[in-house]
Amino acid sequence: MIENILSRLEKVKGRNGAYTACCPAHSDKSPSLAIRELDDGRILLKCFADCSVQDILGAIGMDMNDLFPNVNSDLLRVIEFEAWVVSVAAHTMSTGKKLSDTDRDRMKVATARIMEAVKYVG
Ligand SMILES: [Zn+2]
């Protein structure tokens, strides 16, 4: 929730999803942090002194999950689906059948997607 973030910042100004505030990650006398809330609920932070988003969030006791409320559940759905693809292939192999080239390529895609999703979360 953007209110959650705004309530932890100093000198907040703005409305309708676009705000400025003092950046908590560096000593900021005039507000140099821009905060935007997108229609899908994601929140963007930009410090004009180039503090990283992680530093900004860390300074107010929050993390990336607070900015992207739906990301983790979306990624879990991706992982769930790809894990199912892999388990179908594993079952095929366990019955002694060989995977077709198409299936083998699909397995590579599944593995790559899972790795990519994990990287995103971590
Ligand atoms: Zn900053």
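Residues numbered from 1 in each chain as written. Predicted model: local features only at pLDDT ≥ 70, side-chain atom pairs only at ≥ 80, totals over all residues. Heavy atoms only, no water.

Visitor: Got a minute to help me understand the side chain of D28 in this structure?
Guide: Summarising the element assignment, D28 is placed in the loop between strand 2 (18–22) and strand 3 (33–37). Of the buried charged residues, D28 lacks a salt bridge, with K11 as the closest side chain of opposite charge at 8.1 Å. At 2.7 Å, the side chain of D28 and the side chain of S32 are in polar contact. In contact with D28, other than residues within four places in its own chain, are A21, C22, C23 and L33. (Helix = DSSP H or I, 4+ residues; strand = E, 2+ residues; numbered from the N terminus. Buried < 20%, exposed > 50% of the residue type's maximum accessible area, 1.4 Å probe, protein only. Lys, Arg positive; Asp, Glu negative; His and termini not counted. Salt bridge = Lys/Arg side-chain N within 4 Å of Asp/Glu carboxyl O. Polar contact = N/O pair within 3.5 Å; in protein donor to acceptor, adjacent residues only side chain to side chain. Contact = heavy atoms within 4.5 Å.)

Visitor: For this particular structure, what's the right way to read the coordination of the zinc ion?
Guide: Expected angles at a metal are 109.5 degrees for tetrahedral coordination by four donors and either 90 or 180 degrees for octahedral coordination by six donors. Surrounding the zinc ion are the protein donor atoms C23 (SG), H26 (ND1), C47 (SG) and C51 (SG), which sit 2.0 to 2.3 Å from the metal. Here the zinc ion is ringed by 4 donor atoms whose angles at the metal span 100 to 118°, and the overall shape comes out tetrahedral. If you list the donors of the zinc ion from N- to C-terminus, the spacing comes out as C-x2-H-x20-C-x3-C. Overall, C23 belongs to the buried group, its relative accessible area being 3%. Residue H26 is classed as partly exposed on the basis of its relative accessible area, which comes to 25%. (Donors = N, O, S within 2.8 Å, 3.2 Å for Na, K, Ca; no water. Tetrahedral: all angles 85-135°; square planar, octahedral: opposite > 155°, others 65-115°.)

Visitor: Help me out: how do you make sense of the state of the cysteines in this one?
Guide: Defined simply, a disulfide is a covalent bond joining two cysteines at their sulfur atoms. Under the defined criterion, the tally for this structure stands at 0 disulfides. For C22, which is in no disulfide, the shortest distance to another cysteine sulfur is to C23 and amounts to 8.7 Å. (Disulfide = S-S within 2.5 Å.)

Visitor: Could you clarify how one ought to interpret the confidence of the model for the protein in this entry?
Guide: Keep in mind that low pLDDT regions are not for reading the predicted coordinates in detail. In this model, the protein carries a mean pLDDT of 88, and residues with pLDDT of at least 70 account for 94%. Here helix 3 (residues 64–67) is the element of the protein with the lowest mean pLDDT, 78, and strand 2 is the one with the highest, 96. (pLDDT = per-residue confidence, 0-100.)

Visitor: Whenever I open this one, the packing of aromatic side chains confuses me. Can you help?
Guide: To describe a pair of aromatic rings, one takes the distance between the centres and the angle between the planes. According to the stated counting rule, one finds 1 aromatic pair in the structure shown. Each ring, one from F81 and one from W84, has its centre 5.8 Å from the other, and the planes form 35°; the classification is tilted. Taken together, the residues F81 and W84, both in helix 4 (residues 71–94) and 3 residues apart, mark about one turn of the helix. Residue F81 is classed as partly exposed on the basis of its relative accessible area of 43%. The exposure class of W84 is exposed, given its relative accessible area of 52%. (Phe/Tyr/Trp six-rings, centres within 6.5 Å; stacked < 30°, edge-to-face > 60°.)

Visitor: I tried to follow the side chain of S32 on my own but got confused; where do I start?
Guide: Residue placement: S32 occurs in the loop between strand 2 and strand 3. Judged by relative accessible area, which is 13%, S32 ranks as buried.

Visitor: Help me understand the sheet that holds strand 3, please; the structure alone is not making it clear to me.
Guide: Across a sheet, strands are paired by hydrogen bonds formed along the backbone, either parallel or antiparallel in direction. Here 4 strands make up an open sheet; going across it, the order is 1-2-3-4 and the pairing antiparallel. Strands with a single pairing partner mark the edges of an open sheet, and in this sheet they are strand 1 (10–15) and strand 4 (43–47). Neighbour to neighbour, the strand axes of the sheet diverge by 20° on average, direction disregarded. Strand direction decides the pairing type here: strand 2 and strand 3, joined by 4 bridges, are antiparallel. The residue of strand 3 that forms the bridge with A21 is L33. (Pairing = 2+ DSSP bridges. Axes fitted to C-alpha atoms, helices over the stretch in contact; angles between N-to-C directions.)

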